[in-house]
There are 2 protein chains.
Amino acid sequence: MKKTKTIEKNAKIVNKYLNLKLKGNPKTLYDAAAHLIIHGGKRLRPHMVIKSCQILGGDTMVAIPAASAVEMIHNFTLVHDDIMDNDEMRHGVPTVHKKFGMPIAILAGDVLFSKAYQIISDSKLSKDAKIQLVSRLAKACVDVCEGQLLDVKMAEEKRIPSQKEYITMIGKKTAALFDVSCSMGAICATSNQKDISNLSNFGRNLGIAFQITGDRIGVMGDPKMTKKPVGNDLRE
Amino acid sequence: MKKTKTIEKNAKIVNKYLNLKLKGNPKTLYDAAAHLIIHGGKRLRPHMVIKSCQILGGDTMVAIPAASAVEMIHNFTLVHDDIMDNDEMRHGVPTVHKKFGMPIAILAGDVLFSKAYQIISDSKLSKDAKIQLVSRLAKACVDVCEGQLLDVKMAEEKRIPSQKEYITMIGKKTAALFDVSCSMGAICATSNQKDISNLSNFGRNLGIAFQITGDRIGVMGDPKMTKKPVGNDLRE
């Protein structure tokens, strides 16, 4: 019960910050960029950034820009993913391209991406920390693109991937952002590379476990738990 | 004649660097990301980065990562733009989404975007320079998204924009990248903020002039010069 409260408390702080940063003109662009963020999400990745910072003695507020940047990157991937898969609903509301049209949805994803780097570079962190954050976040974004392409190709090829292929794919598609959430949190607290590396590894393994669990529920699980029809991904 | 030779010489150095950085797995992703770059482009923005660096006494090679990053961002906007406009041809070849399909084209744009930040953060520039580059580039990318949305909205509204609206739109859509090309080149050479600001302003004005000229040719000009049917944008 306590854990839920902590994640909710952290989510509130991050939501306030995101709300502040996702305002601008033209309003439609920022409405589209904020659409999924407003309508749901547990803020799991920001929570991981904040907890990783705290565990190494860092202050919560120092981690908020990095935590919000990761959430923006996560949402950027969701917006573009929904276009690629032509998904119609997410968080119980129409996807960004269904509500705003495809061109605005592409731009909404792109502006989330851009804002994430802007927030980090304009934050009050040390120069060293900022460069490490940008470097790791950019590497994670490259990994996510590679992982999503592997996912697209596997779906096209209509064959069951080997265990190694599957782990490579989810390692990039999902675990890269978990990894970078933990390592970014660590960077906000310390310059000790061993600590940063340890949290990076923890995040990666957690991300892989998270995706395996998600895929397993998608195939065998409770539709109330996933809010998606069971077996959908398998049928695809 | 000399000017053409300099831009071509700079283009060769940048092409070599881009070629090196746009290799990876899955190969399809990097083939799609490199598709437009391989098939054309004058490397005008990289040239502006390099010249701005040189004019302030900086070395050409120091400016190459920033020059290549700007070219990646420019190509990222082209790839996503072509999807939004459903354009079929660019540089005399099929657009990325026509050749590779829409999902891969979205990812190709996204990976170009990610690589641009990775190249800067992993370069050998000073920490100060890197942070300034990331901050300015992220701001420019936000501007480009905002400008593209204004462009989309103006097209939808089917009305002639006021001069002020037009200048705001091209200032963001086009001039932001010209601005950042010049200021990034300056940052590679100096920490003098006055020099950086002067080159930033020069780039912005050049970008606005460039887009006005382009739009004017599009309406009244020589189709051989634009490689597009005259009056296309106006008809749209």
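A. Spatial organisation of the interface of chain A and chain B. Counting from both sides, the interface comprises 40 residues of chain A and, opposite them, 39 residues of chain B. Summing both partners gives a buried area of about 3700 Å² for chain A against chain B, and 76% of it is carried by carbon and sulfur. The largest share of the area that chain A buries against chain B comes from Leu-107, Ile-131 and Leu-149 of chain A, three residues that together contribute 16% of it. Summed over the shared surface of chain A and chain B, the number is two salt bridges. The closest approach of N and O atoms between Lys-127 of chain B and Asp-128 of chain A, which form a salt bridge, is 3.1 Å. Where chain A touches chain B, the interface holds eight residue pairs in polar contact (both at pLDDT 80 or more). Going through the elements one at a time, helix H2 (27–38), helix H4 (60–85), helix H6 (102–121) and helix H7 (127–157) of chain A are the ones with two or more residues in the side of chain A that touches chain B. The leading source of residues in the side of chain A that touches chain B is H7 of chain A, at 17 residues.

B. Region of interest: the relation of the copies chain A and chain B. The operation relating chain A to chain B is a screw motion whose rotation component is 180°, with 0.0 Å of axial translation and a residual RMSD of 0.0 Å. In the structure described here, the two chain copies are related by an operation that fits a two-fold rotation axis. Mapped onto chain B, 98% of the interface residues of chain A again fall at the interface, so both copies present the same surface.

C. Representation of the pattern of salt bridges within the structure. Enumeration over the complete set of coordinates arrives at 24 salt bridges over all chains. One salt bridge connects Lys-173 of chain B with Asp-151 of chain B, and the closest N-O pair in it is separated by 3.2 Å. You can see Lys-173 of chain B sitting in helix H8 (residues 163–189) and its partner Asp-151 of chain B sitting in helix H7 (residues 127–157), a full 22 residues away along the chain. The class of Asp-151 of chain B is partly exposed, set by a relative accessible area of 27%. Across the salt bridge formed by Arg-159 of chain B and Glu-165 of chain B, the nearest N and O atoms sit 3.0 Å from each other. With a relative accessible area of 38%, Arg-159 of chain B lands in the partly exposed category. Under the relative-accessibility criterion, Glu-165 of chain B is labelled partly exposed at 29%. Here the salt bridges do not stand alone but share partners, grouping Lys-139, Asp-143, Glu-146 and Lys-172 of chain A into one network.

D. Here's a closer look at the nonpolar core. Counting 130 residues, the largest nonpolar core has Ile-73 and Tyr-117 of chain A together with Ile-73 and Tyr-117 of chain B as the members making the most contacts within it. Apart from the residues lying within four places of it in its own chain, the contact partners of Tyr-117 of chain A are Ile-73, Val-134, Leu-137, Ala-138 and Cys-141 of chain A together with Tyr-117, Val-134 and Ala-138 of chain B.

E. Up close: the side chain of His-35 of chain A. All names here are of chain A. Tracing the chain through its elements places His-35 in helix H2. Within the local environment of His-35, its side chain forms a polar contact with the backbone oxygen of Pro-94, the two atoms lying 2.7 Å apart. Residues within four places of His-35 in sequence aside, it is in contact with Val-93, Pro-94, Thr-95, Val-96, Lys-99 and Phe-100.

Reading the values: the criteria
- Residues numbered from 1 in each chain as written.
- Chains lettered and ligands numbered in written order.
- Predicted model: local features only at pLDDT ≥ 70, side-chain atom pairs only at ≥ 80, totals over all residues.
- Heavy atoms only, no water.
- Contact = heavy atoms within 4.5 Å.
- Buried area = accessible area lost by both parts, 1.4 Å probe.
- Salt bridge = Lys/Arg side-chain N within 4 Å of Asp/Glu carboxyl O.
- Polar contact = N/O pair within 3.5 Å; in protein donor to acceptor, adjacent residues only side chain to side chain.
- Helix = DSSP H or I, 4+ residues; strand = E, 2+ residues; numbered from the N terminus.
- Least-squares fit on C-alpha atoms with pLDDT ≥ 70 in both.
- Buried < 20%, exposed > 50% of the residue type's maximum accessible area, 1.4 Å probe, protein only.
- Core = buried A, V, L, I, M, F, W, Y, C linked by side-chain atoms within 4.5 Å.

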